[in-house]
Amino acid sequence: MSITVQASGATGLTAAEVEQRRRDGLTNDVPDRASRSVREIVRANVFTRINAILGVLFVLVLSTGSIIDGMFGLLIVANSAVGIIQEIRAKRTLDQLAIVSQARPTVRREGVAQEVAPKDVVLDDLIELGPGDQIVVDGVVEESALLEIDESLLTGEADPIDKAVGAEVMSGSYVVSGSGAYRATKVGRDAYAAKLAEEASKFTLVHSELRSGIDKILKFITYLLIPAGLLSIYNQLFSSGESWRPAVTGMVAALVPMVPEGLVLMTSIAFAVGVVRLGRRQCLVQELPAIEGLARVDVVCADKTGTLTENGMRLSDIKILDGFDDGAVRRALAAMAGDDPRPNASVQAIAEELTDRPEWQHTAVAPFSSAKKWSGFSYGEHGDWLLGAPDVLLDPESEDARMAEELGSSGLRVLLLAQSDRPVDASDAPGTVRPAALVVLEQKIRPDARATLDYFADQDVSIKVISGDNAVSVGAVASSLDLPGGEHAVDARRLPEDPEQLADVLEHETTFGRVRPDQKRAMVGALQSRGHTVAMTGDGVNDVLALKDSDIGVAMGAGSPATRAVAQIVLLDNKFATLPYVVGEGRRVIGNIERVSNLFLTKTVYSVLLAFLVGVAGIGSQIFDYEPIGYPFLPRHVTIAAWFTIGIPAFILSLAPNNERARTGFVSRVMRLAIPSGVVIGVATFVAYLIAYAGPDATETQKEQAGTTALITLIMIAMWVLAIVARPYVWWKVVLIVASMAAYVVLFTVPFTREFFKLDPSNEALTTAAFVCGAVGIVLVEAIWWISAALHGEQRRLIPASPGGSA
């Protein structure tokens, strides 16, 4: 931007200067999210490859004058409409939640600090910083009090960088410790993070094992479609001996069921509905693959504070040590709590209790950091005071340390107030420490924490409690929640640095205290090295590195902006208990897509095989001089065949409950179950058709009876495939299957529907043959599925669920 104006001193911009910059367009005008516009959503859902194929076939059928055979054209409308509606709903949910969760910088204008939305920041604004704050635009530091910035998200440099006055800061980084203020020099699309986001954060559908698996399936289908389609076209137009109208309708009837028109649609719907459902639970899914990823998680690393316990704390007791005066201790604590510009939960609890703050002026400040575990203020003649972890500042063999450990073992949080013999900002601080008091704080365990841990235990998901607090205190909280291994918490200062040895410890232990930020990151890596899929929960700056490296990062909505920025999932209601719903939603999506994939791929396989068999028979009739054979079905037949064996049941199954743990190998499982079933249906249908086929000179009645015979066989076996895919059964699945069967009984028995769909089951001999072929196919499909389940250890899917349970 060409205009550059200096900020108006330490008071920030005036209202007039802010308004002038807005008129000049010098605002942080970056879109809140890089989601697709409504126009892009409509275009993406209408102009698809599948819709194009179906559209061409629809036009061909209309050219024959048979509008009723073009009913499959409704799939174009359904594919587009459902996809558009669900994606727009998901977009609105995401956008609304993103506004709630976004970082709100504190801007100083006319000497008054106020929180504003990122888009309201203007050029030269003075923006205040504290621990955990995210830097929303590029700028230059104007004030610095031991300000340390982590730029690892931008540069890969893991160590925090000291930022003195005049240093540049980049958007996308965040404050580790200290405080300060900076002047915005680049806003909007000129900011560094915005340039990266514009390239890297474009809206995209899920890049995941599920999506890549479906892509592989579609490629496999494409390879089959080309030769089968060409063979069908040749047979219907040149070999069947039929006139052009029945030849074209037969060709379309052969090609339409080969297209897996609903597979991508059902996947998109399942993910979109998942986003909306989680949004209603105040869960922001920042990356759609997180729904799937969390369903695959087998280890959850949970922070104690803010996750298992509530953020708020209460000052319980102050135990005076070493002859200190109670009044002096309380004055020091009140002064430190009042002077802390960014108090954490512990300091806030002290400030709320000790309101009589002395008029002391501090001469030096040492902000709290996770690495050193203490903070401090120097007050000249009133002394140099420290507040931090007793096990860091005290001799572990001292009586005071033993008292602190005993208090912590009961689940209380204990801090040490101490005096130092040197200024707190000295290079060798804290120096010699003289204990003054133990500050005892109460932490409240979340009422839903136990139920959440029990849920994960039932689902065979391991919980690792990883906290920066005292190991004894962490162990007390874990033990109160009956977490296995909580009674012997591990002090992370004694953990091995070797990744293999660390992984060995993590395999057997569950509770860890005094964990540094770099150790949290190392622990996530160690678990991943043993093949675990790891989710990390956290709310503080010290959790960011581990959140970033974990398979799925879960941040609390009330946590620091930095944690929310790197997490894939943000729990806006700050409830750890929301996590089981996210896991359940992911399992529902993955499990149900696998179910419906079996149905759609089975249909494609039997359609391709039937087209091949009819085509080869047609070519054989020219070579061996026997009567040519046409395709057995009209387009309306393949439409109704899919209605109740795939279409409606697949839609219902894709949205149904499903708690089955997500597993790898999606493609191989679908292929090994759907391909044999499709082959059985294709062969059985072809055999039934050959039995009923009366030659090219057959009457219309004979043609209808032959097609009906083949259709009955196909529907019988396809219904059985649906029955297998729906296992284990619960009442509503039984109702679904029975209703689907009843619908076909109506279609084949009611005179109007028989006439409308050209169905004729009146020939008892042929109908009996159809039932025999169907029964043989059912036995073969059932045998194939049982053998496959036995070979791959999946018998549990074939056993009915307990009453009232869900798949």
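Because the structure is a prediction, the values reported are computed rather than measured.

Enquirer: Mind showing me how you'd approach the overall build of the chain here?
Expert: Looking only at helices and strands, the chain has 27 helices and 21 strands in total. Split into buried and exposed, the 807 residues of the chain put 56% on the buried side. Expressed as a percentage of contacts within the chain between residues at least 6 apart in sequence, the contacts between residues at least 24 apart total 73%. Of the roughly 33,300 Å² that the chain leaves accessible, carbon and sulfur atoms contribute 57%.

Enquirer: Before we go on, may I ask you to explain the pattern of salt bridges in this structure?
Expert: Pairing between side chains becomes possible if they bear opposite charge and their charged atoms approach one another. In this structure the tally under the stated criterion is 30 salt bridges. For Arg108, the salt bridge goes to Glu128, with nearest N and O atoms at 3.0 Å. Of this pair, Arg108 sits in strand E1 (residues 106-109) while Glu128 is found in strand E3 (residues 126-129), placing the two residues 20 residues apart along the sequence. Note that Arg530 and Asp504 form a salt bridge whose closest N and O atoms lie 2.6 Å from each other. Within this pair, whereas Arg530 is found in the loop between helix H18 (517-529) and strand E19 (534-538), its partner Asp504 is found in helix H17 (residues 499-508), the two being separated by 26 residues in sequence.

Enquirer: Please clarify how the confidence of the model for the chain should be interpreted in this entry.
Expert: Close inspection of predicted coordinates is inappropriate for parts of the model with low pLDDT. Looking at the chain, the pLDDT average stands at 79 and 81% of residues meet or exceed 70. In the model of the chain, helix H6 (residues 192-200) stands out as the element of lowest mean pLDDT, 53, in contrast to helix H25 (residues 731-749), which has the highest, 93. Scored below 50 in pLDDT, residues 1-9 shows 21 contacts in the model against residues more than four places distant or in partner chains.

Enquirer: So what exactly am I meant to see when it comes to the pairing of E1 here?
Expert: Every other side chain in a regular strand lies on the same face of the sheet, so the side chains alternate between the two faces. The alternating pattern of E1 places Thr106 and Arg108 and Val107 and Arg109 on opposite faces, both of which are buried. In this sheet, E3 lies alongside E1 in antiparallel orientation, the contact comprising 3 bridges. Its bridge partner lying in E3, Arg108 is registered against Leu126. Of the strand pairs in this sheet, E1 and strand E2 (residues 112-115) are connected by 4 bridges, and their pairing is antiparallel. Across the sheet, the residue bridging to Arg109 is Val112, located in E2. Connecting E1 to the next strand, E2, in antiparallel fashion are 2 residues, including Glu110 with a positive phi near 55°.

Enquirer: I keep staring at a nonpolar patch on the surface and nothing clicks. Help me out?
Expert: On the surface, Val38, Val42, Val46 and Phe47 cluster together into a nonpolar patch covering about 350 Å² of accessible area. Of note, Val42 is situated in helix H2 (residues 38-46).

Enquirer: Teacher, can you tell me more about the nonpolar core here?
Expert: Core analysis: the biggest nonpolar cluster contains 105 residues, and Leu294 and Ile569 have the highest contact counts within it. Examining the composition of this core, we find that 15 residues originate from one element, helix H24 (residues 700-725), more than from any other. Not counting chain neighbours up to four residues away, the residues in contact with Ile569 comprise Cys283, Leu284, Ala290, Leu294, Ile552, Gly553, Val554, Ala555 and Val582.

Enquirer: Quick question: what am I supposed to make of the packing of aromatic side chains here?
Expert: The geometry of two aromatic rings is summed up by the distance between their centres and the angle between their planes. The full count for this structure, using the stated rule, is 11 aromatic pairs. Seen from their ring centres, Tyr455 and Phe456 are 5.4 Å apart, and the 70° between their planes marks the pair as edge-to-face. Residue classification places Phe456 among the buried positions, given a relative accessible area of 1%. Considering the side-chain rings of Trp643 and Phe757, the 5.9 Å spacing of their centres and the 90° angle between planes classify their relative orientation as edge-to-face. Within this pair, whereas Trp643 is found in helix H22 (residues 635-654), its partner Phe757 is found in the loop between helix H26 (751-756) and helix H27 (764-791), the two being separated by 114 residues in sequence. The class of Trp643 is partly exposed, set by a relative accessible area of 33%. Taken together, the ring pairs in this structure connect Trp643, Phe644, Tyr744, Phe752, Phe756 and Phe757 into an aromatic cluster. Over the ring of Tyr581 we find Arg281; its NZ or CZ atom is 3.5 Å from the centre of that ring.

What counts and what doesn't
Residues numbered from 1 in each chain as written. Predicted model: local features only at pLDDT ≥ 70, side-chain atom pairs only at ≥ 80, totals over all residues. Heavy atoms only, no water. Helix = DSSP H or I, 4+ residues; strand = E, 2+ residues; numbered from the N terminus. Buried < 20%, exposed > 50% of the residue type's maximum accessible area, 1.4 Å probe, protein only. Contact = heavy atoms within 4.5 Å. Areas by Shrake-Rupley, 256 points an atom, 1.4 Å probe, with all protein chains shown as cover. Salt bridge = Lys/Arg side-chain N within 4 Å of Asp/Glu carboxyl O. pLDDT = per-residue confidence, 0-100. Pairing = 2+ DSSP bridges. Patch = residues over 30% accessible without salt bridge, like charges linked within 9 Å, V, L, I, M, F, W, Y side chains within 5 Å. Core = buried A, V, L, I, M, F, W, Y, C linked by side-chain atoms within 4.5 Å. Phe/Tyr/Trp six-rings, centres within 6.5 Å; stacked < 30°, edge-to-face > 60°. Lys NZ or Arg CZ within 6 Å of the ring centre and 35° of its normal.

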